[in-house]
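Residues per chain, in single letters:
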Amino acid sequence: MPFRTALSGLNAASTELRVIAQNIANSNTVGYKKSRTEFADIFPASNLGTSSTTIGSGVKVSAVNQQFTQGNVNFTDNNLDLAISGQGFFIVNDNGVNNYTRAGNFGVDNQGYVTNTQSNRLQAYQADVNGNISGALGDLQLDTSDIAPQATNSIDMGLNLDASAAVPGSAAATTGYTIPATTILDFDRMTGTELDGSTFTMYDAYGIGRTVSMRYTPTAAANTWTVELREAGATVASATGNPIDFSSAVPSVSMSWDPDQTGPMSAISLTIDTSAITRNTTTGGGDTSANLGPTTSTITGSVQAAFSATDTTTYNNSTSINVFDSLGSPHLMTMYFRKETAPNTWAVYSTIDGTATGGVNPVTATFTSAGVLSTPSTAQTVTFSPGGGASAMSVALDLADISQYGSAFSVNSLDQNGYTTGRLSGIDVADTGIVTARFTNGQSRTLAQIALANFANTQGLRQLGNTQWAESFSSGAPLAAAPGSGSLGLVQSGAEEGSNVDLTEQLVSMITAQRNFQANAQVISTADTITQTIINIR
């Protein structure tokens, strides 16, 4: 009679129902992996094998295997909730023994260790003091201590200085002067015989003083003289239009003066009042003059005024940035940019808390005709003593990214490398498992890199409960590595991997298992009826 065969079917269906019930019960368990019941038939066999007419003896449960398919990723507002997208397991240490889990609902204990709900510590590759990840695997502990301050020792500037900006400090070019009545030219001086006056100072467009002199030369035409402006023995400007002509009223002469000749400075229109010049009509009377030059008080133009941080007319532009001393105290550093009288030259003055810095102050920056920085080629260091117990500061000003183009002054970047002390404000976990601490001073520090493990045969893992597994001979040894390397998946921070149980699928499987149970029960009932019939035979 098939009692035992049907009974094995009842036992198998009952086991499947228990597995289904387990799956349904854990449909909301974080990191849970559903199980599947697998069956095998039973055949009696001898040393010689089985007969071709042998009837099986029922069914048995050959295995209950977990299915490590990906569960849905559900987002949370906790950065330490972690989900694995892809293959791999988190490694958690349980009193010196490593277990493995897909449940990433982690928190922090009273010692700063990252733990799960069973107080098992999450394992990670440790970082050194410089934030470099080492190969040492250990407990992930969040360092909540304040980050020490760092004094500023470098400033990088990226800005443009306006090439068309005027030279500040009321620098003005000489545009005219008056020749006094004491200048008397001899009417019988031979043609082409130059008469040079003594030197005097004029100012170019940059306010630079130029030592020049006047030259008067009689022409072949009666009563006329040419006028030239000379510098360093060379003529730099000549009168245009009519020369000095004593036979007609010519009150002034005009010149176009280009102080730097082929340089970038524009030519200056110069008007010289010659109305007071007279001539000596006495034969052999000679030239009479105190200096044959202009009256000093009539020379227009001025030199560039000295720089003053409190006088905005003495510089073109300025910009400021906070720097920090060795104790983390902030100080306001201001840099002033002043176009100098020399072409393509700027001076960079600096103050900290309103006090002029020491060292190289000002820094002189020169540019090529294309607006590219020519000098300095290296960073220039300024110094400052902040007081209050802090060490003296040395700050290197890097001007490598400064340009001088014909557009408005603009600051593209201004960076310094110091910071004040900071407290822990948050933890970030990258998809590669890098754990970074953020501090209130804007700094960050790499703490560790979360490790993941994988196995050659995940279904060979031994279940421990609490959604954890242990390695076994069947699973093979764990292969630990960083997320995203090899076959390992990536880590999603602020998320949890939900159960991979599909309730619809489980309910359908439950109906199927129920029918299998009922069918096997019906076999037993039928066999019982047949047995009763046989017993009732008289």
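Just above sits the structure.
Residues numbered from 1 in each chain as written. Predicted model: local features only at pLDDT ≥ 70, side-chain atom pairs only at ≥ 80, totals over all residues. Heavy atoms only, no water.

Caption draft 1: The arrangement of the overall build of the protein chain in detail. Scanning the protein chain from terminus to terminus reveals 2 helices and 41 strands. What you see for the protein chain is a C-alpha radius of gyration of 48 Å, clearly larger than the 24 Å of a compact globule of 538 residues, by over 25%. The principal-axis extents of the C-alpha atoms in the protein chain amount to approximately 185 × 55 × 40 Å. Looking at the 538 residues of the protein chain, the share that counts as buried comes to 40%. Counted over contacts in the protein chain with a minimum sequence separation of 6, partners at least 24 positions apart contribute 61%. Carbon and sulfur atoms make up 50% of the accessible area of the protein chain, which amounts to about 26,400 Å² in all. (Helix = DSSP H or I, 4+ residues; strand = E, 2+ residues; numbered from the N terminus. Rg over C-alpha atoms; globule rule 2.2 N^0.38 Å. Buried < 20%, exposed > 50% of the residue type's maximum accessible area, 1.4 Å probe, protein only. Contact = heavy atoms within 4.5 Å. Areas by Shrake-Rupley, 256 points an atom, 1.4 Å probe, with all protein chains shown as cover.)

Caption draft 2: Up close: the nonpolar core. Ranked by internal contacts, the top residues of the largest apolar core, which has 25 residues, are Ile-155, Met-157, Met-335, Phe-337, Leu-397 and Leu-399. Among the elements of the structure, strand E11 (154–162), strand E23 (317–324), strand E24 (330–339), strand E25 (345–352), strand E28 (363–367), strand E30 (380–384) and strand E31 (393–405) are those that each provide at least two residues to this core. For this core, the element with the most residues is E31, which contributes 5 residues. If sequence neighbours within four positions are ignored, Met-335 has contacts with Met-157, Asn-317, Ser-318, Thr-319, Ile-321, Val-348, Tyr-349, Ser-350, Leu-397 and Leu-414. (Core = buried A, V, L, I, M, F, W, Y, C linked by side-chain atoms within 4.5 Å.)

Caption draft 3: Just the environment of Glu-228, in detail. Here Glu-228 lies in strand E17 (residues 224–231). Judged by its relative accessible area of 17%, Glu-228 is buried. In the structure, Glu-228 is positioned 147 residues away from Thr-375 in sequence and 37 Å away in space, judged by C-alpha atoms. Not counting chain neighbours up to four residues away, the residues in contact with Glu-228 comprise Ser-213, Met-214, Arg-215, Thr-217, Thr-235, Ala-237, Ser-238 and Met-255.

Caption draft 4: Examining the environment of Phe-473 more closely. Inspection of the secondary structure puts Phe-473 in the loop between strand E38 (468–470) and strand E39 (479–481). Overall, Phe-473 belongs to the exposed group, its relative accessible area being 84%. The sequence separation of Phe-473 and Asn-78 amounts to 395 residues, and the corresponding C-alpha distance is 36 Å.

Caption draft 5: Structural context of the packing of aromatic side chains. As enumerated under the stated definition, the model contains 12 aromatic pairs in all. Aromatic pair Phe-68 and Phe-89: ring centres 5.6 Å apart, planes at 75 degrees, arrangement edge-to-face. Residue Phe-68 is found in the loop between strand E2 (58–66) and strand E3 (73–75), and its partner Phe-89 is found in strand E5 (residues 89–94); the two are separated by 21 residues along the sequence. Exposure remark for Phe-89: the relative accessible area of 2% places this residue in the buried category. Against the face of Tyr-113 rests Arg-121, its NZ or CZ located 3.6 Å from the ring centre. (Phe/Tyr/Trp six-rings, centres within 6.5 Å; stacked < 30°, edge-to-face > 60°. Lys NZ or Arg CZ within 6 Å of the ring centre and 35° of its normal.)

Caption draft 6: The arrangement of the pattern of salt bridges in detail. For the structure on display, the rule yields 11 salt bridges. Salt-bridge contacts for Glu-497 lead to Arg-102; the nearest nitrogen and oxygen are separated by 2.9 Å. Highlighted residues: Glu-497 in strand E41 (residues 495–497) and Arg-102 in the loop between strand E6 (97–101) and strand E7 (107–108), separated in sequence by 395 residues. Taken as a pair, Glu-497 and Arg-102 share a single burial class, namely buried. (Salt bridge = Lys/Arg side-chain N within 4 Å of Asp/Glu carboxyl O.)

Caption draft 7: Looking closely at unusual backbone geometry. Geometrically, the link from Asn-361 to Pro-362 is a cis peptide bond, its omega value of 10 degrees lying close to zero. By the element assignment, Pro-362 lies in the loop between strand E27 (358–359) and E28. Residue Thr-375 is joined to Pro-376 through a cis peptide bond whose omega torsion reads 0 degrees. At Thr-467, a position not held by glycine, the phi torsion is positive, near 55 degrees. Relative to the helices and strands, Thr-467 resides in the loop between strand E37 (462–465) and E38.

Caption draft 8: Structural view of the pairing of E37. Pairing between E37 and E38: 3 bridges, direction antiparallel. Each residue of the ladder has a partner; that of Gln-463, found in E38, is Trp-469. Linkage of E37 to E38, two consecutive antiparallel strands, is achieved through a turn of 2 residues, within which Asn-466 is found at a positive phi near 55 degrees. (Pairing = 2+ DSSP bridges.)

Caption draft 9: Expanded view of helix H1 (residues 3–25). With 23 residues, H1 should cover 33 Å at 1.5 Å per step; its first-to-last C-alpha distance of 33 Å lies within 8% of that length. Considered for burial, the residues of H1 that qualify are Ala-6, Ser-8, Gly-9, Leu-10, Ala-12, Ala-13, Glu-16, Val-19, Ile-20 and Asn-23. The inward-facing, buried residues of H1 contact strand E1 (35–42), E2 and helix H2 (503–535). (Expected span 1.5 Å × (residues − 1).)

Caption draft 10: Broad picture of the sheet that holds E11. One open sheet accounts for 5 strands, arranged E27-E30-E31-E11-E32; its pairing is mixed. Edge positions in the sheet fall to E27 and strand E32 (410–416), since each has one partner strand and no second.

Caption draft 11: Main features of H2. Spanning 33 residues, H2 covers 48 Å between terminal C-alpha atoms, matching the ideal 48 Å at 1.5 Å per step. Among the residues of H2, those classed as buried are Gln-506, Ala-513, Asn-520 and Ala-527. On its buried side, H2 packs onto H1.

Caption draft 12: Local environment of the environment of Asn-457. By the element assignment, Asn-457 lies in the loop between strand E36 (452–454) and E37. A polar contact is formed between the side chain of Asn-457 and the backbone oxygen of Ser-474, at a distance of 3.3 Å. (Polar contact = N/O pair within 3.5 Å; in protein donor to acceptor, adjacent residues only side chain to side chain.)

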